[in-house]
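Residue-level listing of the chains:
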Amino acid sequence: KQEVTQIPAALSVPEGENLVLNCSFTDSAIYNLQWFRQDPGKGLTSLLLIQSSQREQTSGRLNASLDKSSGRSTLYIAASQPGDSATYLCAVKEETSGSRLTFGEGTQLTVNP
Amino acid sequence: NAGVTQTPKFRILKIGQSMTLQCTQDMNHNYMYWYRQDPGMGLKLIYYSVGAGITDKGEVPNGYNVSRSTTEDFPLRLELAAPSQTSVYFCASSRRQGNPSGELFFGEGSRLTVL
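Cut-offs used in this document
Residues numbered from 1 in each chain as written. Chains lettered and ligands numbered in written order. Predicted model: local features only at pLDDT ≥ 70, side-chain atom pairs only at ≥ 80, totals over all residues. Heavy atoms only, no water. Helix = DSSP H or I, 4+ residues; strand = E, 2+ residues; numbered from the N terminus. Rg over C-alpha atoms; globule rule 2.2 N^0.38 Å. Buried < 20%, exposed > 50% of the residue type's maximum accessible area, 1.4 Å probe, protein only. Contact = heavy atoms within 4.5 Å. Areas by Shrake-Rupley, 256 points an atom, 1.4 Å probe, with all protein chains shown as cover. Lys, Arg positive; Asp, Glu negative; His and termini not counted. Charge placed at Lys NZ, Arg CZ, Asp CG, Glu CD. Core = buried A, V, L, I, M, F, W, Y, C linked by side-chain atoms within 4.5 Å. Pairing = 2+ DSSP bridges. Axes fitted to C-alpha atoms, helices over the stretch in contact; angles between N-to-C directions. Buried area = accessible area lost by both parts, 1.4 Å probe. Salt bridge = Lys/Arg side-chain N within 4 Å of Asp/Glu carboxyl O. Polar contact = N/O pair within 3.5 Å; in protein donor to acceptor, adjacent residues only side chain to side chain. Nonpolar A, V, L, I, M, F, W, Y, C, P; charged D, E, K, R; others polar. Phe/Tyr/Trp six-rings, centres within 6.5 Å; stacked < 30°, edge-to-face > 60°. Lys NZ or Arg CZ within 6 Å of the ring centre and 35° of its normal.

On a plain count of helices and strands, chain B comes out with 0 helices and 11 strands. Secondary structure elements in chain B, listed N-terminal to C-terminal, are β-β-β-β-β-β-β-β-β-β-β. Its C-alpha atoms give chain B a radius of gyration of 14 Å, near enough to 13 Å, the size a compact globule of 115 residues would have. Overall size of chain B, expressed as C-alpha extent along the three principal axes, is 45 × 30 × 25 Å. Among the 115 residues that make up chain B, the fraction classed as buried is 46%. Taking all contacts inside chain B whose residues are at least 6 apart in sequence as the whole, residues at least 24 apart take part in 54%. For chain B, the computed accessible surface area is about 5,600 Å², with 50% contributed by carbon and sulfur atoms. Between the mean site of the 11 positive side-chain charges and the mean site of the 9 negative ones, chain B shows a separation of 6 Å.

Further remarks concern the nonpolar core. Residue and element names in this part refer to chain A. Of all hydrophobic cores here, the largest spans 22 residues; its most connected members are F25, L33, W35, L75, I77, Y88 and L109. Elements represented by at least two residues in this core include exactly strand 3 (19-25), strand 4 (30-38), strand 5 (44-51), strand 7 (62-67), strand 8 (72-77), strand 9 (86-94) and strand 11 (107-112). Apart from residues lying up to four places away in sequence, L75 is in contact with L19, V20, L21, W35, L47, L48, L62, N63, A64 and Y88.

Glancing now at the sheet that holds strand 7 of chain A. All names here are of chain A. The sheet built from 5 strands is open, its strands ordered 1-3-8-7-6 with antiparallel pairing. Each edge of the sheet is formed by a strand with only one pairing partner; in this case those strands are strand 1 (4-7) and strand 6 (56-59). On average, adjacent strands in this sheet sit at an angle of 15° to one another, irrespective of strand direction. Two elements, strand 7 and strand 8, share 6 bridges in a ladder whose sense is antiparallel. Bridging across to strand 8, L62 finds its partner in I77.

A word on the interface of chain A and chain B. Across the contact, 22 residues belong to chain A and 24 residues belong to chain B. Together, the buried faces of chain A and chain B total about 1,700 Å²; carbon and sulfur atoms form 52% of this surface. For the interface between chain A and chain B, the tally reads 0 salt bridges. Remark: the boundary between chain A and chain B carries 3 residue pairs in polar contact (both at pLDDT 80 or more). Those elements that place two or more of their residues in the side of chain A that touches chain B are strand 4, strand 5, strand 9 and strand 10 (101-103) of chain A. Looking at the side of chain A that touches chain B element by element, the count peaks at 5 residues for strand 4 of chain A. Its residues assigned to classes, the side of chain A that touches chain B comprises 7 nonpolar, 10 polar and 5 charged.

What follows covers the packing of aromatic side chains. Scanning the model with the defined rule gives 8 aromatic pairs over all chains in all. When the centroid spacing of 5.2 Å and the interplanar angle of 80° are considered together, the rings of F103(A) and Y35(B) count as edge-to-face. Of this pair, F103(A) sits in strand 10 while Y35(B) sits in strand 4 (residues 31-37), each in a different chain. The buried category is assigned to F103(A), whose relative accessible area is 7%. Measuring from ring centre to ring centre gives 6.0 Å for Y35(B) and F106(B), while their planes differ by 40°; the resulting arrangement is tilted. Of this pair, Y35(B) sits in strand 4 while F106(B) sits in strand 10 (residues 105-106); the two residues are 71 residues apart in sequence, bridging distant segments of the chain. Across this residue pair, the class does not change: Y35(B) and F106(B) are buried. Following the ring pairs from residue to residue traces out a cluster consisting of F36(A), F103(A), Y33(B), Y35(B), F90(B) and F106(B). Taking the ring centre of F74(B) as reference, the NZ or CZ of R68(B) above it sits at 6.0 Å.

Let's shift gears to the pairing of strand 5 of chain A. Taken residue by residue, a regular strand's side chains alternate between the two faces of the sheet. All names here are of chain A. Counting buried positions along strand 5 gives 6 out of 8 residues, so the element sits mostly inside the fold. As paired elements, strand 4 and strand 5 share 7 bridges and run antiparallel to each other. By the bridge assignment for strand 5, L33 is matched with I50.

This is the structure in structure tokens:
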């Protein structure tokens, strides 16, 4: 059974700092990996999607990498801003699970002005 | 663009009552999903559908039912509400093919309390 772990569970940083969020998964036979942002009381917003054949994806100040063989992905946020404060979740879609995704429990990020 | 729309946003039920959470998407996506999210926890898959007329169980299907009569709609029914079903429910959709395939789009959630 696929298990997804996100470390740390919570992170507090000063504005302007570069930071890395980690996601690990136990079964490397994945179809893709997706990073989401969730604001309090809101739904999930897709940030980046990495297909299994890709190593990284970039969008603005965000960069996500994928290392299938080691079962790890990182989300790098450059020059963090208070507006980046949210919970960040990663989810993996397995090759053999039909269309199901397995989610991590998220990292709650606070960026202090 | 509306994307994925869920109704109601909030609901309080008494134990034993029944209700349906509505979900509709206007992106012509094949795949639709229902997740529940409990405080401090990740999302757990309840049911999913790969197309009209096809549904399948996820991790936590007990106490729920779904149907998929059209591509757009994927309602989730709670038959006999229990306090353990107090949660935030999210509907999501994705397309089977295209670029990028598999990207998941979420509704804003339905917060359900069972007393």
